[in-house]
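# Summary of structural features
Listed below, chain by chain, are the residues.
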Amino acid sequence: MVIAVTRPVSSSLASCELTHRRREPIDVARAAAQHHAYEGLLSALGASVVQVAAAPESPDAVFVEDTAVVLDEIAVMTRPGAPSRRAESAAVASLLAAYRSVHSVTAPATLDGGDVLRLGRTLFVGRSSRTNDVGIEQLRGLVAVFGYLVVPIEFAGCLHLKSAVTALGDVLLLMNPAWVSRAAFPGCEVIGVDEREPDAANALRVGDTIVHGSQFPRTGARLRERGLRVATTDCSELAKAEGAVTCCSLIFEVPGGEGR
Ligand code: CIR
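What counts and how
Residues numbered from 1 in each chain as written. Predicted model: local features only at pLDDT ≥ 70, side-chain atom pairs only at ≥ 80, totals over all residues. Heavy atoms only, no water. Helix = DSSP H or I, 4+ residues; strand = E, 2+ residues; numbered from the N terminus. Rg over C-alpha atoms; globule rule 2.2 N^0.38 Å. Buried < 20%, exposed > 50% of the residue type's maximum accessible area, 1.4 Å probe, protein only. Contact = heavy atoms within 4.5 Å. Near = heavy atom within 4 Å. Polar contact = N/O pair within 3.5 Å; in protein donor to acceptor, adjacent residues only side chain to side chain. Areas by Shrake-Rupley, 256 points an atom, 1.4 Å probe, with all protein chains shown as cover. Nonpolar A, V, L, I, M, F, W, Y, C, P; charged D, E, K, R; others polar. Pairing = 2+ DSSP bridges. Axes fitted to C-alpha atoms, helices over the stretch in contact; angles between N-to-C directions.

Within the protein, the secondary structure is distributed over 6 helices and 15 strands. Over its C-alpha trace the protein gives a radius of gyration of 17 Å, about what one expects of a compact globule, namely 18 Å for 260 residues. For the protein, the spread of C-alpha atoms along the three principal axes comes to 45 × 40 × 40 Å. Taking all 260 residues of the protein together, 55% fall into the buried category. In the protein, once contacts between residues fewer than 6 apart in sequence are set aside, the share between residues at least 24 apart is 68%.

Listed below in structure tokens is the structure:
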């Protein structure tokens, strides 16, 4: 059974953190409608959607991916690099405790889940304005015992590593090569985004389907030409808060079909 943890769009979303995007008005009702449709798509793809309680005072709470790294063996609570986001973690940790043994990185570590890309037993971790070397080392210390290799990755031009590259398969990547180097992922096949769609590298695997933003039709066509099954969802309003499809959920399997 696949669990998708999500969290409602906060009424304060317009006060979100922004790093690479210019602030522009956000229609919170439209963002919430897009998020609702996203949750519906995850359900339609077979995931059980489990919501963390809303956190109206935390503008970025909808981007639940950044608060945790959920592996088959454990969940690691991050310490988000933006201080305004640290209050998001407690409620997510409580919910994840129903599914995993929960561990945490601690100060002075900073780590955002959006910087952690898992490919098999390797965790590529972007060094970013949100994720520091202490965070990477503490993550390594928690997961090495389970056989995970932690590989720090340099990237530039976007907020998180997974803004620049995401996994479409175990050795198949979707990438904006202007933001991260193909050479960092030896042995992987890479599909590049259409140059007119630099933000299109963020895609979410749910079973054998790739969830992708409908704002990126040219890159979506590349995925279909490669033979991938693609389901699109409009996250254009959430994109004004610098979010995309992976950011809005934590997806993991629960053995034996057991829920909470
Ligand atoms: C932030 O800056 O933290 C939010 N406004 C956007 C976070 C998006 N999360 C992600 O890409 N994993």
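Turning our eyes to something else, we now look at the site of the ligand. In the region of the ligand, 13 residues are neighbours, and E17, D60, E65, R130 and A241 sit closest. The contact in question runs from an oxygen atom of the ligand to an N or O atom on the side chain of R130, over 2.8 Å. Considering the ligand on its own, with 340 Å² of exposed area, one finds that the protein chains cover 98% of that surface. For the shell around the ligand, the per-class residue count stands at 4 nonpolar, 2 polar and 7 charged.

Turning our attention to the sheet that holds strand β10 (residues 172-175). The mixed open sheet is built from 3 strands, whose spatial order is β9-β10-β11. Edge positions in the sheet fall to β9 (165-169) and β11 (189-192), since each of these pairs with one other strand and no more. The sheet shows a mean angle of 30° between the axes of neighbouring strands, taken without regard to direction.

Taken in spatial order, the 3 strands make up an open sheet running β2-β1-β15, and their pairing is mixed. Of all strands in the sheet, those with a lone pairing partner are β2 (47-51) and β15 (250-253), marking the two edges. Averaged over all pairs of adjacent strands, the angle between their axes in this sheet comes to 25°, without regard to strand direction. Across 5 bridges, strand β1 (residues 2-6) lies against β2 in parallel orientation. Its bridge partner being in β2, T6 is matched across the sheet by Q51. Against the sheet, helix α1 (residues 28-44) engages β1, β2 and β15, with an angle of about 140° to β2. The strands that helix α2 (residues 89-96) touches are β1, β2 and β15; relative to β15, the one it contacts most, it runs at about 15°.

Below, the discussion takes up the pairing of β10. Side chains of β10 alternate between two faces, with L172 and L174 and L173 and M175 buried alike. In terms of strand pairing, β9 meets β10 through 4 bridges, oriented antiparallel. Looking across to β10, one finds that G169 is bridged to L172. Remark: 2 residues form the turn of the hairpin made by β9 and β10, two consecutive strands paired antiparallel. For β10 and β11, the ladder comprises 4 bridges, and the chain directions are parallel. Within β11, the residue paired with L173 across the bridge is V190.

Just geometry here; none of it tells us what the structure is for.
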